Amino acid sequence: MNEKLLVAQKLLSFIPDMTAEDIAAMLEYPADKKMGDLALPCFKLSKILRKAPPMIADSLKEGLERDESCKGIFDNVQSVNGYLNFFISKGSLAKDLEDIALNEKYGSSEKGKGKTIVIDYSSPNVAKPFHIGHLRSTVIGQSIKNLHKFCGYDCVGVNHLGDWGTQFGKLIVAYKKWGSRDRIENGGIDALVEIYVKFHEEAEKDPSLDDEARAAFTAMENGDEECLSLWKWFIEISINEYKKTYALIGADFESWNGESFYFDKTERVVKELREKRLLTVDDGAEIVKLDDYGMPPCLILKSDGSTIYATRDIAAAIYRKENYNFEKCIYVTSAGQSLHFAQFFKVIELMGYEWAKDMVHVPFGTVSIEGAKLATRTGNVVLLDDIFRTATAKTLEIINQKNPDLENKDEVASAVGVGAVVFHDLSNNRIKDVNFMWDEVLNFDGNTGPYVQYTYARCCGVLEKVGEELLKEDADGYIIDTEAEANLVKTLKLFPDKVESARKELEPSFVARYLLDVCADFNRFYHDCPVLKCENEAVKKTRIALVKATSIVLKNGLTLIGLKTPKNI
Ligand code: ARG
């Protein structure tokens, strides 16, 4: 049973008119283990019990101490400054340890059974390179999706590609004037960017190029086959490249419906907005006014009648509701787009869709590298591929020093190098800006991805030596008596709770930082307590189970945040 519920049930008879679930929801895990394994902040009860928090804590403590059924569950219950702190007995930890060590899926749940979430993430703009800013959307989005899947939800990950808009008119013109099939086939996105940049340079001198580009885009909108086939080809080239990056970071999508998919679905949106009298003509364009909500208007139709990003987003949201009947539709983009989301969510609400409340924007901060901000326009674009390549090469150097005989060195170097970048990205709250310093990212001894992966490999090394048969035995003979062992079990027990709060708060960093705690506790245990050399059979068995339980939590946790888990580093 969930231990919060277990404690809550013991408290039930002392607190009137509350269910065990209500009480369980009030219990907290203290940040400092000296304050117990669980704590009840009694101020939350002062209204119901009409007493000051310290008095409540005192009387609950007395009550529990008189209760025979609490023996064996708590080693100690303390009343400290209005908090009731519970120290759960080591005897019950043995049972907990067994539950973890025998359950490869430990941490998962069925909470989301029968519910669907849609998650829109990564969503790069086609024919533009994938830079480190997109990495954030991809890794945060993928891990939010993994967390939901792990909790039993059906998930539809959508890559809402930026694959429609006037920029494709420019690319078509540029390609016809300066491009060659060979050059683009071989050069990929880089070659597309090259002709796109050239277009802008030339258009400064000769503005008629802009008219040509506009005409090419209109031709696309009108179904011109030549233009559309070029456009499709540009997309294909881009997607092929993106897929290589996705494979490195374990990103996958259930749908690749980009903006162009909604081109023929915007008409219905415009019609509906008009019927619902939400549109206002403004300087030839049509907008939805949002002054009443403290926001600038949401542009729906430009003065030339064409739709924009927001129009397509409204169409996409309606499409997703109708096709997936989501419980939540989550969008992961930089905080720079917060206004866009607030605006179109509001428009959907004004259209009368009650599910507007289920639309969630998940913003994140910016990325800089060694202190330098990234900007597409100034040329300081740091490409993700380069970053992964550097990370992998640097990791290989370290492996060559530390473990030169390792098998599959290249594969491991890529898993660890890429993992280092991803972990670094996910280890702070997502809204914080990220500064990427190589020394910090790749430090095998610091709070990094490599450190967690290395700790996992260490567990695997021990388990390989013992063979698994010792693990199958039941917990009756487990002996947990050192502080280091008890602490490790207590930390491992927090995993399901961390998963649930990371899922709920859409904050993968909770898992990343938790894994660092697990590693710290594991390494302390591993330092203090011999495992293979332990002479007492029962103690040895317990320690092996601890290693196994740790390996399960690390593996599940790393997988949730998109890191690979090599068994040997
Ligand atoms: N393509 C956009 C960009 O790179 C992100 C799209 C996010 N998703 C959405 N439905 N608007 O900025």
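Since this is a predicted model, take the numbers as computed values, not measurements.

**Student:** Help me understand the overall build of the chain in this model?
**Tutor:** The number of helices and strands found in the chain is 21 helices and 13 strands. Dimensions along the principal axes, computed over C-alpha positions, put the chain at roughly 85 × 65 × 40 Å. Taken over 569 residues, the chain has a buried fraction of 54%. Taking the intrachain contacts of the chain between residues at least 6 apart in sequence as the baseline, contacts between residues at least 24 apart amount to 73%. Here the chain displays about 26200 Å² of accessible surface, and carbon together with sulfur accounts for 49% of that area. With 72 positive and 88 negative side-chain charges, the chain shows a separation of 2 Å between the mean positions of the two kinds.

**Student:** Even after reading the chapter, I still don't get helix H17 (residues 449–466), so can you show me in this structure?
**Tutor:** Structurally, the α-helix is built with 3.6 residues per turn, so residues lying three or four positions apart point the same way. Compared with the 26 Å implied by 1.5 Å per residue over 18 residues, the 26 Å span of H17 between its first and last C-alpha is a close match. Of all the 18 residues making up H17, 13 are buried; the element is thus mostly covered by neighbouring parts of the structure. Directly beyond the C-terminal end of H17, a positive phi value near 75° is found at Gly467.

**Student:** Can you walk me through the site of the ligand in this structure?
**Tutor:** Inspection of the region around the ligand gives Asp120, Ser123, Asn125, His134, His160, Tyr309, Asp313, Tyr331, Thr333, Gln337 and Phe341 as its neighbouring residues. At a separation of 2.8 Å, a nitrogen atom of the ligand approaches a polar side-chain atom of Asp120. Interatomic distance of 2.8 Å between a backbone N/O atom of Ser123 and a nitrogen atom of the ligand. Alone, the ligand offers 350 Å² of accessible surface; in the complex the protein occludes 89% of this. Put simply, the parts of the chain that give the shell around the ligand at least two residues each are helix H12 (309–324) and strand E9 (328–334). Residues belonging to the shell around the ligand are distributed by class as follows: 3 nonpolar, 6 polar and 2 charged.

Thresholds, definitions, all that
- Residues numbered from 1 in each chain as written.
- Predicted model: local features only at pLDDT ≥ 70, side-chain atom pairs only at ≥ 80, totals over all residues.
- Heavy atoms only, no water.
- Helix = DSSP H or I, 4+ residues; strand = E, 2+ residues; numbered from the N terminus.
- Buried < 20%, exposed > 50% of the residue type's maximum accessible area, 1.4 Å probe, protein only.
- Contact = heavy atoms within 4.5 Å.
- Areas by Shrake-Rupley, 256 points an atom, 1.4 Å probe, with all protein chains shown as cover.
- Lys, Arg positive; Asp, Glu negative; His and termini not counted.
- Charge placed at Lys NZ, Arg CZ, Asp CG, Glu CD.
- Expected span 1.5 Å × (residues − 1).
- Near = heavy atom within 4 Å.
- Polar contact = N/O pair within 3.5 Å; in protein donor to acceptor, adjacent residues only side chain to side chain.
- Nonpolar A, V, L, I, M, F, W, Y, C, P; charged D, E, K, R; others polar.

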